[in-house]
Amino acid sequence: MIKAIKGTNDILPDEIQYWNHLTNIVLNQMNIYNYKEIRTPIFEQTELFSRGIGDSTDIVSKEMYTFIDRSENSLTLKPEMTASVVRAFIEHSLGKQFGLNKLFYISPMFRQERPQAGRFRQFHQFGIEAIGSHNPYLDAEVIQVAFSILQNLGLKDIEVNLNSLGIPEERNKFAEALKDFLSSKKNELSEDSKNRLESNVFRILDSKNQHDQELLAGSPSLIDFLGEESLEHFNKVKELLTIAKIPYSENHKLVRGLDYYTHTTFEILSSKVGAQSALVGGGRYNLLIEQLGGTSTPAVGFAAGIERILLACKAEESFIPAKEEIDIYLIRVDKELENKIFEIGTYFRYNNRTVEFDYLSRSVKAQMREANRLNSKFVLFVGGEEFSKGEVQLKNMSDGEQQIVHLNNLDSILSIIK
Ligand code: AMP
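Cut-offs and rules
- Residues numbered from 1 in each chain as written.
- Predicted model: local features only at pLDDT ≥ 70, side-chain atom pairs only at ≥ 80, totals over all residues.
- Heavy atoms only, no water.
- Helix = DSSP H or I, 4+ residues; strand = E, 2+ residues; numbered from the N terminus.
- Rg over C-alpha atoms; globule rule 2.2 N^0.38 Å.
- Buried < 20%, exposed > 50% of the residue type's maximum accessible area, 1.4 Å probe, protein only.
- Contact = heavy atoms within 4.5 Å.
- Areas by Shrake-Rupley, 256 points an atom, 1.4 Å probe, with all protein chains shown as cover.
- Lys, Arg positive; Asp, Glu negative; His and termini not counted.
- Charge placed at Lys NZ, Arg CZ, Asp CG, Glu CD.
- Axes fitted to C-alpha atoms, helices over the stretch in contact; angles between N-to-C directions.
- Parallel < 35°, antiparallel > 145°, perpendicular 65-115°, else oblique.
- Nonpolar A, V, L, I, M, F, W, Y, C, P; charged D, E, K, R; others polar.
- Patch = residues over 30% accessible without salt bridge, like charges linked within 9 Å, V, L, I, M, F, W, Y side chains within 5 Å.
- Salt bridge = Lys/Arg side-chain N within 4 Å of Asp/Glu carboxyl O.
- Pairing = 2+ DSSP bridges.
- Core = buried A, V, L, I, M, F, W, Y, C linked by side-chain atoms within 4.5 Å.
- Expected span 1.5 Å × (residues − 1).
- Polar contact = N/O pair within 3.5 Å; in protein donor to acceptor, adjacent residues only side chain to side chain.
- Phe/Tyr/Trp six-rings, centres within 6.5 Å; stacked < 30°, edge-to-face > 60°.
- Lys NZ or Arg CZ within 6 Å of the ring centre and 35° of its normal.

Let's talk about the overall build of the protein
Argument step 1. The secondary structure content of the protein amounts to 16 helices and 16 strands.
Argument step 2. Computed over the C-alpha atoms, the radius of gyration of the protein is 28 Å, more than 25% above the 22 Å expected from 2.2 N^0.38 for a compact globule of 418 residues.
Argument step 3. Viewed in the frame of its principal axes, the protein has a C-alpha envelope of about 95 × 50 × 45 Å.
Argument step 4. In the protein, which comprises 418 residues, the proportion classed as buried is 51%.
Argument step 5. In the protein, the share of contacts with a sequence separation of at least 24, taken over all contacts with a separation of at least 6, comes to 69%.
Argument step 6. Looking at the protein as shown, the accessible area adds up to about 21,300 Å², and 49% of this sits on carbon and sulfur atoms.
Argument step 7. When the 48 positive and 58 negative side-chain charges of the protein are each reduced to one mean point, those points stand 3 Å apart.

Quick look at the packing of helix α1 (residues 13-32) against helix α12 (residues 306-316)
Argument step 1. It is the contact of α1 with α12, at a shortest axis distance of 11 Å, that shows an interaxial angle of 105°. Relative to α12, the element α1 is oriented roughly perpendicular. Between α1 and α12, the residues in contact are E15, Y18, W19 and L22 and I306, E307, I309, L310 and K314, respectively.
Argument step 2. Residue classes in the contact of α1 with α12 are distributed as six nonpolar, no polar and three charged.

Considering a nonpolar patch on the surface
Argument step 1. Among the surface-exposed residues, I42, F43 and F67 lie close enough to one another that they form a single nonpolar patch of about 260 Å² accessible area.
Argument step 2. Among the structural elements, F43 can be located in strand β2 (residues 43-45).
Argument step 3. Owing to a relative accessible area of 45%, F43 belongs among the partly exposed residues under this scheme.

Some thoughts on unusual backbone geometry
Argument step 1. Despite not being glycine, K245 has its phi angle at roughly 60°, a positive value.
Argument step 2. Following the sequence through the fold, K245 ends up in the loop between α10 (228-243) and β8 (248-250).
Argument step 3. The exposure class assigned to K245 is exposed, which follows from its relative accessible area of 70%.
Argument step 4. For H263, which is not glycine, the phi dihedral falls at a positive 50°.

Re the sheet that holds β2
Argument step 1. If you walk across this open sheet you meet the three strands as β2-β4-β3, and the pairing is antiparallel. Taken across any chain shown, the strands that pair with only one partner, and hence form the sheet edges, are β2 and β3 (66-68). Strand after strand, the sheet turns through a mean of 35° between neighbouring axes, direction not considered.
Argument step 2. In the sheet, β2 pairs with strand β4 (residues 74-77) via three bridges, with the strands oriented antiparallel.

Considering the nonpolar core
Argument step 1. Ranked by internal contacts, the top residues of the largest apolar core, which has 89 residues, are M30, Y35, F126, L279, V280, F302 and I309.
Argument step 2. Counting residues per element, this core draws most heavily on helix α6 (residues 136-152), at nine residues.
Argument step 3. Those residues within four positions of V280 in sequence are excluded, and the remaining contacts are A146, L150, F266, E267, I268, F302, A303 and A304.
Argument step 4. In this structure, I341, F348, V355 and L407 belong to the second largest nonpolar core, which totals 19 residues.

Quick look at α6
Argument step 1. When the terminal C-alpha atoms of α6 are compared, their 24 Å separation across 17 residues agrees well with the 24 Å that a helix rising 1.5 Å per residue should span.
Argument step 2. N-cap assignment for α6: the residue whose side-chain oxygen lies 3.0 Å from the backbone N of Y137 is N135.
Argument step 3. Of the residues one or two after α6, G154 is the one with positive phi, at around 90°.

A closer look at the sheet that holds strand β13 (residues 355-357)
Argument step 1. Within the open sheet, the five strands sit side by side as β13-β12-β14-β15-β16. Their pairing is mixed. Only two strands of the sheet have a single neighbouring strand rather than two, namely β13 and β16 (402-406). When the angles between neighbouring strand axes are averaged without regard to direction, this sheet yields 25°.

Here's the deal with the packing of aromatic side chains
Argument step 1. This model, assessed by the stated rule, comprises seven aromatic pairs.
Argument step 2. The interplanar angle of 70° and the centroid separation of 6.4 Å between the aromatic rings of F43 and F67 together place this pair among those described as edge-to-face. Separated by 24 residues along the polypeptide, F43 in strand β2 and F67 in strand β3 bring together distant segments of the chain.
Argument step 3. Under the relative-accessibility criterion, F67 is labelled partly exposed at 34%.
Argument step 4. An aromatic cluster of at least three residues, connected via ring pairs, comprises F174, F202 and F225.
Argument step 5. One Lys or Arg, K314, reaches over the ring of Y18 and ends 4.5 Å from the middle of that ring.

In structure tokens form, the structure reads like this:
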């Protein structure tokens, strides 16, 4: 038997109700905050991600689904969305058309990670990219959008972690200080962290290795290296989060996996989903657009993992998807009335009512059971003595009340079952 690829998921009809509920909330909040949807292709030239995300990151160095197509082009299934959105922003000169572009997306992503609870190889993200402004009000807004969506999903057990990475000069000074601090402990570091000492020393800060974390006790803190402007920006973001009533904790070790962040970085965590606790990650990336060949343009955004958020929602029982129901089930009392059932069903469907009837030659009793299973609000009996008089019988399933309706008068049913 052919099975789905490890780390990918089928989303079956029972499950899709959770997805649709989440999508509706996302679309509604994007509308409230005035973000416009953008869709980009599933695959891009590999170079976009290696340049945009950074060769030393886990994503580019170990996780991308890269392949050579029949024309010898190196292509990659998108592992994240920011690089693609920025590519589209540059390619279509969106910055020239509008001073500020507030964009959002919902899309599958692909990373060859080791599958486990909350970590998949095809997963889905929604997110936003606000491109064109330095303004700290946008940093706060971006966090607020993510927080509002999680709140509207009913999640309570969530925590915002906040940090500032400042600007490159400040980070470089900090990187030197951190390297100095760790160089005497180099031999004790985990293999990964040893490699990162030269290639990407910040990443050691979010090492999952317990001993690495112990070695970091008393290490220099990035916050002490921020200049006046960076601190002012950071303080403003914090002030705005307070006005927006969004609780947060400062976490000066929050550097996030990607190279392109400047100033604000944040994550929203849930303690209900096990080791993979980050539901949302984001921040400001003022350098990326220039790095990808555009004119220097500041930007800020986030990406949120849908599978993980739904895991958290289920763990907290934060919402129950609306009960599925149909308007009317047509019960075929006499076998030969199949065309009549189809005709009546067509009439109701053309009038936008949800209708179902039997395709499996079931008995009246079995059709009734099916109507109950589908939570049908009404059933219509077609056949028997009434039918010979040109009539059908309508039953309201909530109170059991029945009434006779003439077949010429089906529009009266429309007003009853609207
Ligand atoms: P990132 O793009 O790595 O910053 O991730 C942003 C969010 O996407 C994370 O906080 C997760 O919720 C989600 N995410 C990232 N990688 C995966 C994965 N392999 N499987 C499921 N969700 C993921």
